[in-house]
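Breakdown of the fold
Chain residues, written in single-letter form:
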Amino acid sequence: MTTAYEDHRLAVIGAGVMGTNISTLALGHGVPVVLVDLDESVLDTAKAAIAQKTRHAQLMGVLPDRPAGELATSTSLSSIADATTVVEAVTEVAEVKEKVLAEASRIVAPGTTLISNTSCIPIDEMAEWTARPEELVGVHFMNPSYLIKMVEVIRGPRTAPAVLDNAVGLLSVLGRDSLVIEDSAGFVINRLLHPLINTAAMLVEEGVASVEVVDGLLEGCLGHSTGPLRTGDLIGLENLVDSLNVLYERRGDESCRPCDLLLQKVADGHLGRKTGRGFYDYGKVAS
């Protein structure tokens, strides 16, 4: 008789911050993972990052007492063929996601749950790119996903009930709590969070307050555990700009047009914690 986690074989496409976070979470809960990326050097870096994140999770006491899942890496998308669930975790650029989702949906067997870890692009828009639109569901993991238990699950208009159930069931095996919402550009979290970070950056740009003061006010007055600008650094400022562009293009909300300060930081390569500098100076590159 198998245990629940032994029924799952996860494929994660994209070995960046979120891909390694999701892989760490799954491996730590006993689920085997095949991690796919185009670049072998990126996968080598990802393996080191997963090892470091696993140690962090163990120190925080957030992993269950069970054997770790086995990690495999590949530069070939065909490696996802035997997965029971596939998570797309590539950059928030529609053209990139379209190519990955279209090919992935043709490779996996019918009935395989296909998850997009999209930040802002509507699920039904992406479902149009797949071979079987009813098999796509959105699962928006927070960063770091191996520490944050709540997950936003997005039901597209064509998402099959069984696919939604499979996604929620997997999240339960991974020790996550999930709340299901309906499809919308930016969903709930990022329709609230990303314009907030953008506005916080505008306040700094206009000279109204310093980075530390803006964050300090939201932490001290509103009880935010982390201010919006430090949160932006954690997300990655280039990812934030990509998501804001998606929101602005699809909603036309001026609060989502990336401000000049954000754009300048991205142009300068100051992307946040992962580069060692964003709104804050971290002193070294964070893995």
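Refer to the structure printed above.
I will try to describe carefully the structure that is included in this document. (Residues numbered from 1 in each chain as written. Predicted model: local features only at pLDDT ≥ 70, side-chain atom pairs only at ≥ 80, totals over all residues. Heavy atoms only, no water.)

Right, let's talk about the packing of helix α6 (residues 189-205) against helix α10 (residues 260-267) for a bit. Orientation of α6 relative to α10, taken along the N-to-C sense of each, is 90 degrees, at an axis distance of 8 Å. As the angle between them shows, α6 and α10 are arranged roughly perpendicular. Of α10, the residues touching α6 (which contributes Asn198, Ala201, Val204 and Glu205) are Asp260, Leu261 and Leu262. Among the residues forming the contact of α6 with α10, the class breakdown is four nonpolar, one polar and two charged. (Axes fitted to C-alpha atoms, helices over the stretch in contact; angles between N-to-C directions. Helix = DSSP H or I, 4+ residues; strand = E, 2+ residues; numbered from the N terminus. Parallel < 35°, antiparallel > 145°, perpendicular 65-115°, else oblique. Contact = heavy atoms within 4.5 Å. Nonpolar A, V, L, I, M, F, W, Y, C, P; charged D, E, K, R; others polar.)

For the coordinates displayed, the defined rule picks out one aromatic pair. The interplanar angle of 55 degrees and the centroid separation of 6.5 Å between the aromatic rings of Tyr280 and Tyr282 together place this pair among those described as tilted. In this pair, the class of Tyr280 matches that of Tyr282, namely buried. (Phe/Tyr/Trp six-rings, centres within 6.5 Å; stacked < 30°, edge-to-face > 60°. Buried < 20%, exposed > 50% of the residue type's maximum accessible area, 1.4 Å probe, protein only.)

Applying the stated criterion to the full structure yields one cavity of 30 Å³ or more. Computed from the structure, the largest cavity encloses a volume of approximately 40 Å³. Lining the largest cavity, in full, are Ser105, Val108, Thr112, Leu114, Thr130, Arg132 and Glu135. Tallied by class, residues from the lining of the largest cavity come to two nonpolar, three polar and two charged. (1 Å grid on protein atoms, 1.4 Å probe; cavity = no way out; pocket = protein on both sides within 12 Å on 5 of 7 lines; lining within 4 Å. Points joined across faces, edges and corners; volume = space filled by probe spheres on them.)

Now for a nonpolar patch on the surface. Nonpolar side chains collect at one region of the surface, where Ile148, Met150 and Leu179 lie side by side and expose about 250 Å² of accessible area between them. Residue placement: Leu179 occurs in strand β8 (residues 177-182). (Patch = residues over 30% accessible without salt bridge, like charges linked within 9 Å, V, L, I, M, F, W, Y side chains within 5 Å. Areas by Shrake-Rupley, 256 points an atom, 1.4 Å probe, with all protein chains shown as cover. Salt bridge = Lys/Arg side-chain N within 4 Å of Asp/Glu carboxyl O.)

Attention now goes to unusual backbone geometry. Backbone torsion omega between Asn143 and Pro144 reads 0 degrees, so that peptide bond is classified as cis. Among the structural elements, Pro144 can be located in the loop between β6 (136-140) and β7 (150-155). The backbone of Phe187 shows a phi angle near 60 degrees, a positive value even though the residue is not glycine. Structurally, Phe187 can be placed in the loop between β8 and α6. Since its relative accessible area comes to 3%, Phe187 is described here as buried.

All right, on to the pattern of salt bridges then. Per the counting criterion, the structure on display carries eleven salt bridges. The salt bridge partner of Lys97 is Glu88, with a shortest N-O separation of 2.4 Å. Taken as a pair, Lys97 and Glu88 share a single burial class, namely buried. Connected through salt bridges with shared partners, the residues Glu88, Glu92 and Lys97 form a single ionic network.

Turning our attention to the sheet that holds β7. What holds strands together in a sheet is hydrogen bonding between their backbones, with the strands either parallel or antiparallel. Strand order in the open sheet formed by eight strands is β3-β2-β1-β4-β5-β6-β7-β8, with mixed pairing between adjacent strands. The open sheet is flanked by β3 (71-74) and β8, the only strands paired with a single partner. If you compare each strand with its neighbour and ignore which way they point, the axes differ by 25 degrees on average. Relative to strand β4 (residues 85-88), strand β1 (residues 10-13) runs parallel, the two sharing four bridges. Bridge assignment links Ile13 to a residue of β4, and that residue is Glu88. (Pairing = 2+ DSSP bridges.)

Before going further, it helps to examine the nonpolar core. Ranked by internal contacts, the top residues of the largest apolar core, which has 46 residues, are Ile13, Ile80, Val86, Leu229, Leu262 and Phe279. Residues in contact with Ile80, not counting those within four places in the same chain, are Ala11, Ile13, Val36, Val86, Ala104, Ile107 and Val108. If you look at the next biggest cluster of nonpolar residues, it comprises 32 residues, including Tyr5, Leu25, Leu27 and Leu171. (Core = buried A, V, L, I, M, F, W, Y, C linked by side-chain atoms within 4.5 Å.)

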